Amino acid sequence: MNYQIDENGFYGTFGGAYIPEILHGCVENLRNNYLPIMESDDFKQEYDQLLRDYVGRPSPLYLAQRLSEQCGCNVYLKREDLNHTGAHKINNTIGQILLARRMGKRRIIAETGAGQHGVATATVCALMNMECVVYMGKTDVERQHINVQKMQMLGATVRPVTSGNMTLKDATNEAIRDWCCHPSDTFYIIGSTVGPHPYPDMVARMQSVISREIKRQLAEKTGRDYPDYLFACVGGGSNAAGTIYHYLDNEKVKIVLAEAGGKGIDTGMSAATIHLGRLGVIHGSKTLVMQNEDGQIEEPYSISAGLDYPGIGPLYAHLAQAKRATVLAINDDEALEAAFNLTRIEGIIPALESAHALGALKKTKFNPSDVVVLTVSGRGDKDMETYINALKNNH
Ligand SMILES: *Cc1c(COP(=O)(O)O)cnc(C)c1O
């Protein structure tokens, strides 16, 4: 079994590049350049230095003692929450902006839902003195005001999108439209392992620093460079891709992925694309898509703004189909409970997205000797309002 991408950009039958003719040259150019540039010494040196001195890598691998006691095994947390800007997304935006510069692009565009990818993109554009335009659904602009203000403070232009439901899917359509109008000078920084080939592979490689570090850190701490289990949450799949990248072909490592069940997968208010999606094309990629009978995309729902994408990275459609990964739908209330639990027993307030991965621990039966690595994709500062409201409603 092969879990890597093939030369046409497919994971099994999923992926590819379904794009309008006008973008063909652009995407082809990226496809021809991303690997030679990413593998050049010059790129690696600048990228590694920024990951170390700007992002703060390597992120710690922390043996969570009390959580381990609760789970009856050895749980290590990969602390992406400690990165500059508070999540794993910066690993990817730094890599892509270095690539953009080497390809001679002057202008950066991005889409954002909750605003986290927008902030990570605006951050690296400030760092590299590049023009930055971020598309964001108008509904999200209103819901995520602090992130809009951060992007503006960082010098980015935030363009509210008023088509459709005015959320992430509409913002992505608008970013693609912009790219079609400015294919020669503009680089589109996509925030997850989604979109047309080569984005899913490129973003997975940018994030693969996570499992490269896990290997070294586990070897130091346990004398073995692989765990029995890896846990991560999946929205589009970038933090999960980073977590599993160097372990995909090691079948001794079990992979458990948490998607957002929302209020429950049969309530009509869910973002569990792997459970509920059917084959379709979204944003240039053939993958599982939440859609109605007519093939219209259904608006996903999750308490966590970072997990409510109506598609899923093509890698995950493949891993689920090949049964390489176990995919669990974790509901809002289970994620909240897991977030409060981690906060109280380890003193770590996780992002709501990461709390879905934590919620999946409870649903897995471990042996006492098992070594588990769970990626805490981000910190919970941005979710405090949701957490406080949940506390109020429970008392
Ligand atoms: C955006 C985000 C996610 C979901 O995106 P992936 O590409 O699936 O990783 C998860 N956690 C945090 C903290 C995020 O900001």
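Look a little higher up for the structure.
Let us look at the structure shown here. (Residues numbered from 1 in each chain as written. Predicted model: local features only at pLDDT ≥ 70, side-chain atom pairs only at ≥ 80, totals over all residues. Heavy atoms only, no water.)

### Re helix α5 (residues 116-128)
In this model, α5 (13 residues) spans 19 Å end to end at C-alpha, consistent with the 18 Å of a helix rising 1.5 Å per residue. With respect to burial, α5 is a largely interior element, 11 of its 13 residues being buried. For α5, the secondary structure elements touched by its buried residues are α2 (41-55), α4 (89-102), β5 (107-112), β6 (131-137) and α7 (145-153). Where α5 ends, the next residue or the one after it, N129, has phi of about 55°, a positive value. (Helix = DSSP H or I, 4+ residues; strand = E, 2+ residues; numbered from the N terminus. Expected span 1.5 Å × (residues − 1). Buried < 20%, exposed > 50% of the residue type's maximum accessible area, 1.4 Å probe, protein only. Contact = heavy atoms within 4.5 Å.)

### Regarding the layout of surface pockets
In this structure, the largest pocket occupies an estimated 910 Å³ of space. As for the largest pocket, its lining consists of 37 residues, of which Q116, Q144, N147, K382 and D383 are closest to the centre. Sorting the residues of the lining of the largest pocket by element identifies α5, α7, α15 (352-361) and α16 (384-393) as the ones contributing at least two each. The greatest single-element share of the lining of the largest pocket, amounting to 6 residues, is contributed by α16. (1 Å grid on protein atoms, 1.4 Å probe; cavity = no way out; pocket = protein on both sides within 12 Å on 5 of 7 lines; lining within 4 Å. Points joined across faces, edges and corners; volume = space filled by probe spheres on them.)

### Here we look at the sheet that holds strand β7 (residues 157-161)
Read across the open sheet, the 4 strands follow the order β7-β6-β5-β8; overall the sheet is parallel. Edge positions in the open sheet fall to β7 and β8 (186-188), since each of these has one partner strand only. Sheet twist, expressed as the average angle between the axes of neighbouring strands with direction ignored, equals 25°. Sheet analysis places β6 next to β7, joined by 5 bridges and oriented parallel. Bridging across to β7, V134 finds its partner in V158. The sheet strands contacting helix α8 (residues 168-181) are β5, β6, β7 and β8, and the helix crosses β5 at an angle near 160°. (Pairing = 2+ DSSP bridges. Axes fitted to C-alpha atoms, helices over the stretch in contact; angles between N-to-C directions.)

### What to know about the packing of α2 against α4
For the pair α2 and α4, interaxial distance at closest approach is 10 Å and the crossing angle is 145°. Helix-helix and strand crossings are classified by hand; for α2 and α4 the assignment is right-handed. Across the interface between the two elements, D42, F43, E46, Y47, L50, L51, Y54 and V55 of α2 pack against I90, N91, I94, G95, L98, L99, R101 and R102 of α4. Its residues placed into classes, the contact of α2 with α4 shows 10 nonpolar, 2 polar and 4 charged. (Left-handed = near helix turned anticlockwise from the far one by under 90°. Nonpolar A, V, L, I, M, F, W, Y, C, P; charged D, E, K, R; others polar.)

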